[in-house]
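One-letter residues, chain by chain:
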Amino acid sequence: MANPLVSIRDLHKTYTRGAETVDVLRGLSLDIQAGEFIALMGPSGSGKTTLLNLIGGLDRPSAGSVSVDGARIDQLGSGALAQWRATHVGFVFQFYNLLPMLSAERNVELPLLLTHLSKAERMKRVGIALQVVGLAERAKHKPSELSGGQAQRVAIARAIVADPTLLVCDEPTGDLDRRTADEVLTLLQTLNREHGKTIVMVTHDPKAAEYASHRVFLDKGQLAETAVH
Ligand code: ADP
Ligand code: MG
């Protein structure tokens, strides 16, 4: 098998609160191949968001290594890590995190402001990303003028517009009703199957996890079991 896209070895994350230390991740190892769609599952407080943030370079481990596409991101300084994130990771959060004052297309454009692309090239890519999520006709709408499902699709367009190596999603359907959740999950599945996007999605919802190609279970900071379908 080819080298994994994401390779995690003996990962530890410890938080300190006053005199109390919490070992959230306790020696976790995991490989993710390019083209996989991973559902990261487990009870509340098991460390799912912590692990996702370490994979996406939002945080640094206490010990162990995280390699993505051959780069040891745990060894990058904060400036280099921010730069790495901008070009390698697209984030999708439970509550969309769109900027309310900006139209859909301006929100989607944001990651491209960190690149050297011209305005014309940026707007071309924004148009394509909105088309992929089926919202080209909502480009000028503000987030308050969108439904929850539409807002999440705009957030997904923003996450893919810079063509990142990895898409990381934290409970992306946690705030949506079943039917809207299924639409968003079908979109993620299409991005994975037809556009080849590698996706890591945290979810506590077994129905949502069925859309993924692989399921990984976290329990008390370690991997419990892995099912492959
Ligand atoms: P999950 O996403 O699986 O619900 P998290 O990764 O958010 O779990 O959190 C795992 C544990 O780590 C929880 O006990 C949480 O309280 C603790 N934790 C998370 N972030 C911090 C932080 N920044 N400081 C202290 N403790 C934290
Ligand atoms: Mg969480």
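Quick note: structure is the one above.
In what follows, the accompanying structure is described. (Residues numbered from 1 in each chain as written. Chains lettered and ligands numbered in written order. Predicted model: local features only at pLDDT ≥ 70, side-chain atom pairs only at ≥ 80, totals over all residues. Heavy atoms only, no water.)

**Notes on the overall build of the protein chain**
Turning to step 1, where the next piece is worked out: Of the regular secondary structure elements, the protein chain holds 7 helices and 10 strands.
Turning to step 2, where the next piece is worked out: Its C-alpha radius of gyration of 17 Å places the protein chain within 12% of the 17 Å reference for a compact globule of 229 residues.
Turning to step 3, where the next piece is worked out: Judged by the C-alpha coordinates and their principal axes, the protein chain covers about 50 × 45 × 40 Å.
Turning to step 4, where the next piece is worked out: By residue count, 48% of the 229 residues in the protein chain fall in the buried class.
Turning to step 5, where the next piece is worked out: Here the contacts in the protein chain between residues at least 6 apart in sequence split such that 68% fall between residues at least 24 apart.
Turning to step 6, where the next piece is worked out: Side chains of the protein chain give 25 positive and 25 negative charges; the mean places of these two sets differ by 5 Å. (Helix = DSSP H or I, 4+ residues; strand = E, 2+ residues; numbered from the N terminus. Rg over C-alpha atoms; globule rule 2.2 N^0.38 Å. Buried < 20%, exposed > 50% of the residue type's maximum accessible area, 1.4 Å probe, protein only. Contact = heavy atoms within 4.5 Å. Lys, Arg positive; Asp, Glu negative; His and termini not counted. Charge placed at Lys NZ, Arg CZ, Asp CG, Glu CD.)

**Things to note about helix H4 (residues 119-132)**
Turning to step 1, where the next piece is worked out: Here H4 spans 20 Å end to end across 14 residues, near enough to the 20 Å set by a 1.5 Å rise per residue.
Turning to step 2, where the next piece is worked out: Along H4, the residues that are buried comprise Arg122, Val126, Ala129 and Leu130. Burial along H4 is one-sided: seen end-on, the buried residues are contained in an arc of 95°. In this structure, H4 carries Ala120, Lys124 and Gln131 as exposed residues pointing more than 90 degrees from its buried face.
Turning to step 3, where the next piece is worked out: Of the surrounding secondary structure, the elements contacted by the buried residues of H4 are helix H3 (104-109) and helix H5 (148-160).
Turning to step 4, where the next piece is worked out: After H4 finishes, the residue Gly134 shows a positive phi value of roughly 75°. (Expected span 1.5 Å × (residues − 1). Arc of directions from axis to C-beta.)

**Examining the sheet that holds strand E4 (residues 63-68)**
Turning to step 1, where the next piece is worked out: The 4 strands lie next to each other as E2-E1-E4-E5, forming an open sheet whose pairing is antiparallel. Strands at the two margins of the open sheet, each flanked by one partner only, are strand E2 (20-32) and strand E5 (71-72).
Turning to step 2, where the next piece is worked out: For strand E1 (residues 6-17) and E4, the ladder comprises 5 bridges, and the chain directions are antiparallel. Its bridge partner being in E4, Ile8 is matched across the sheet by Val66.
Turning to step 3, where the next piece is worked out: Sheet strands touched by helix H1 (residues 48-55): E1, E2 and E4. Its angle to E1, the strand with the most contacts, is close to 125°. (Pairing = 2+ DSSP bridges. Axes fitted to C-alpha atoms, helices over the stretch in contact; angles between N-to-C directions.)

**With respect to the site of ligand 1**
Turning to step 1, where the next piece is worked out: Close to ligand 1 lie Tyr15, Arg17, Val24, Pro43, Ser44, Gly45, Ser46, Gly47, Lys48, Thr49 and Thr50, which account for all nearby residues.
Turning to step 2, where the next piece is worked out: In this structure, Gly45 approaches ligand 1 through a main-chain N or O atom, which is 2.7 Å from an oxygen atom.
Turning to step 3, where the next piece is worked out: Here ligand 1 loses 64% of its free accessible area of 570 Å² to cover by the protein chains.
Turning to step 4, where the next piece is worked out: Of all the secondary structure elements, the ones that give two or more residues to the shell around ligand 1 are E1 and H1.
Turning to step 5, where the next piece is worked out: A total of 3 residues in the shell around ligand 1 trace back to one element, the largest contributor, which is H1.
Turning to step 6, where the next piece is worked out: Partitioned by chemical class, the residues of the shell around ligand 1 number 3 nonpolar, 6 polar and 2 charged. (Near = heavy atom within 4 Å. Polar contact = N/O pair within 3.5 Å; in protein donor to acceptor, adjacent residues only side chain to side chain. Areas by Shrake-Rupley, 256 points an atom, 1.4 Å probe, with all protein chains shown as cover. Nonpolar A, V, L, I, M, F, W, Y, C, P; charged D, E, K, R; others polar.)

**Quick look at the pattern of salt bridges**
Turning to step 1, where the next piece is worked out: Under the criterion given, the structure shown has 14 salt bridges.
Turning to step 2, where the next piece is worked out: Where Glu105 meets Lys140, a salt bridge forms, and the shortest distance between an N and an O atom there is 2.6 Å. Residue Glu105 is located in helix H3, and its partner Lys140 is located in the loop between H4 and H5; the two are separated by 35 residues in the primary sequence.
Turning to step 3, where the next piece is worked out: Relative accessible area serves as the criterion here: at 13%, Glu105 is assigned to the buried category.
Turning to step 4, where the next piece is worked out: You can call Lys140 exposed: its relative accessible area is 63%.
Turning to step 5, where the next piece is worked out: Three or more residues joined by partner-sharing salt bridges are found here, namely Arg106, Glu109, Lys119 and Arg122. (Salt bridge = Lys/Arg side-chain N within 4 Å of Asp/Glu carboxyl O.)

**So, the pairing of E4**
Turning to step 1, where the next piece is worked out: Of the pairings in the sheet, the one linking E4 to E5 comprises 2 bridges and is antiparallel in character. When the bridges of E5 are listed, Ser67 appears paired with Arg72.
Turning to step 2, where the next piece is worked out: Hairpin remark: E4 followed by E5, antiparallel, with 2 residues in the connecting loop; positive phi at Asp69, about 55°.

**Some thoughts on the nonpolar core**
When a protein is soluble and globular, its nonpolar side chains tend to lie buried together.
Turning to step 1, where the next piece is worked out: In this structure, Val108, Leu130, Ile156, Leu167, Leu188 and Met201 are the most contacted members of the largest nonpolar core, which totals 39 residues.
Turning to step 2, where the next piece is worked out: Elements with a minimum of two residues in this core: strand E3 (37-41), H3, H4, H5, strand E7 (166-170), helix H6 (178-193), strand E8 (198-202) and helix H7 (206-209).
Turning to step 3, where the next piece is worked out: Here this core gets 7 residues from one element, more than from any other, and that element is H5.
Turning to step 4, where the next piece is worked out: Judged by nonpolar contacts, the second largest core, of 28 residues, contains Leu52, Val66, Val200 and Leu218. (Core = buried A, V, L, I, M, F, W, Y, C linked by side-chain atoms within 4.5 Å.)

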